[in-house]
Amino acid sequence: MLVYAPAALLLLVFCVSVLHDRRKFSNAVVLGLAVLCALAAWLYELIRSESASGVVAAWSLLVVGAVAVLLLTYFLFVNGVRMLRKEGRSPSNLLSLAAALAIVGVVALLVAAVVVRTPVLTGVAAAAGGLALYFSFLFLCFVCYAFLYGRLRVRRKADFVVVLGSGLIGGSTVPPLLASRLKRGQAVHARLARRGGSPVLITSGGQGPDEDLPESHAMADHLVAEGFPAHLIEREDRSTTTEENLRFSKAIMEKAKPDYRCVVVTNNYHAFRAALTARRVRIRGQVVGSPTAAYFWPNATLREFAAVLVDYKRTNVVLCLLIVLGGVLVWWSVR
């Protein structure tokens, strides 16, 4: 049972870290490492037993992994084409398609390296495979923990509900994506009010160059039209990014109540990254997400993951350079 000790230790670290602050990307990585160590220990035990089940389990994992890669590639390709048809050809809408093509490219490179077996191709394939495994691991950690984070309970009491803005249609109309956030914000506000509180709802969003009014004003008008009391709405109308949404809303909350607690509302694909940003700007509160159209979720999740990688760019650059160096060492050893 000692082989499971690293997994158990990592799981303990994960639980303590989540209790201290659930808004950390390191939580996702530690959980992923715990699962990876547990899986490795299980395989080691099976193989060490020298039973047929160990060999069957190892081959089964390889087959399942290969099938999963094929299905994922197909799914990403289909989703990428659908995104282009529904949302247009902007760079951010190409992520699903780009991810599918990247998977095909890495697999083709690995196959070519096995068949051709030249030193340069072997080194390049080793580096590409290492980078693919690294980013795949981080992405799985991100998706799994984001799913878990979205289901953790928020505080029973809060003084503010902050709804993050997004772009307007035609410069003045609240789009379905933003309407979903506002609906969830109303539901959170109603739940807090039933518990005896009287929270203020902050609509957060400034005016873009193609908008006729600040997003926060359009959001407030939408809420009032839905029957929400106008006197319980506060507008934050200067922000242009998620970080500014949170910083400027924080200033409003601290001015009204220095020891405030809040709940931040965004869409489900954006909730975990918004939570990471909220931690960075020292917001005292958690983030919840509203539903998003199924076809939109994969591409949006990839975009959020890419943004998180940029937030931790120094660490990622260093680790990627080490992986590339490993590929160089492989080339050196086989040349």
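Residues numbered from 1 in each chain as written. Predicted model: local features only at pLDDT ≥ 70, side-chain atom pairs only at ≥ 80, totals over all residues. Heavy atoms only, no water.

Chemist: Explain the overall build of the protein here, please?
Modeler: Helix and strand content of the protein: eleven helices and five strands. Along the three orthogonal principal directions, the C-alpha set of the protein runs to about 70 × 50 × 35 Å. Across the 335 residues of the protein, 38% fall into the buried class. Restricting to contacts in the protein with at least 6 residues of sequence separation, those with at least 24 account for 70%. Surface accessibility of the protein: about 18600 Å² in total, with carbon and sulfur atoms responsible for 67%. The averaged location of the 20 negative side-chain charges in the protein is 7 Å from the averaged location of its 36 positive side-chain charges. (Helix = DSSP H or I, 4+ residues; strand = E, 2+ residues; numbered from the N terminus. Buried < 20%, exposed > 50% of the residue type's maximum accessible area, 1.4 Å probe, protein only. Contact = heavy atoms within 4.5 Å. Areas by Shrake-Rupley, 256 points an atom, 1.4 Å probe, with all protein chains shown as cover. Lys, Arg positive; Asp, Glu negative; His and termini not counted. Charge placed at Lys NZ, Arg CZ, Asp CG, Glu CD.)

Chemist: I would appreciate a short explanation of the UniProt feature "transmembrane region" (unreviewed entry) in the protein in the present structure.
Modeler: If you check UniProt for "transmembrane region" (unreviewed entry), the listed places come out as residues 25-44, 56-77, 97-116, 123-148 and 317-334 in our numbering. A distance of 29 Å separates the end C-alpha atoms of residues 25-44, which is 100% helix and 0% strand. Between the C-alpha atoms that bound residues 56-77 the distance is 31 Å, and the span itself is 100% helix and 0% strand. (UniProt positions renumbered as here; feature names shortened; annotations may be inferred.)

Chemist: Could you clarify how one ought to interpret the sheet that holds strand 3 (residues 233-236) in this entry?
Modeler: In any sheet, the strands associate via hydrogen bonds between backbone groups, in a parallel or an antiparallel arrangement. Judged by pairing direction, the sheet is parallel, and its five strands sit side by side in the order 3-2-1-4-5 without closing on themselves. In this open sheet, the two edge strands, each paired with only one partner strand, are strand 3 and strand 5 (285-290). On average, each strand axis in the sheet is inclined to that of its neighbour by 25°, with strand direction left out of account. Summarising the sheet, strand 4 (residues 262-267) and strand 5 pair through six bridges and their orientation is parallel. (Pairing = 2+ DSSP bridges. Axes fitted to C-alpha atoms, helices over the stretch in contact; angles between N-to-C directions.)

Chemist: Is there a simple way to think about the UniProt feature "domain: DUF218" (unreviewed entry) in the protein in this case?
Modeler: The positions that UniProt labels "domain: DUF218" (unreviewed entry) are, in the present scheme, residues 159-299. End C-alpha to end C-alpha, residues 159-299 measures 34 Å, and it is 41% helix and 18% strand.

Chemist: Mind showing me how you'd approach helix 11 (residues 313-334) here?
Modeler: Because an α-helix packs 3.6 residues into every turn, residues spaced three or four apart end up facing the same way. Over its 22 residues, helix 11 extends 32 Å from the first C-alpha to the last, a length consistent with the 32 Å expected when each residue adds 1.5 Å. For helix 11, the full list of buried residues reads Asn316, Cys320 and Gly327. An end-on view of helix 11 places all buried positions within 30° of arc, on one side of the element. Exposed and oriented more than 90 degrees from the buried face of helix 11 are Arg314, Leu321, Leu322, Leu329, Trp332 and Ser333. Against helix 5 (119-149) and helix 10 (297-311) lie the buried residues of helix 11. (Expected span 1.5 Å × (residues − 1). Arc of directions from axis to C-beta.)

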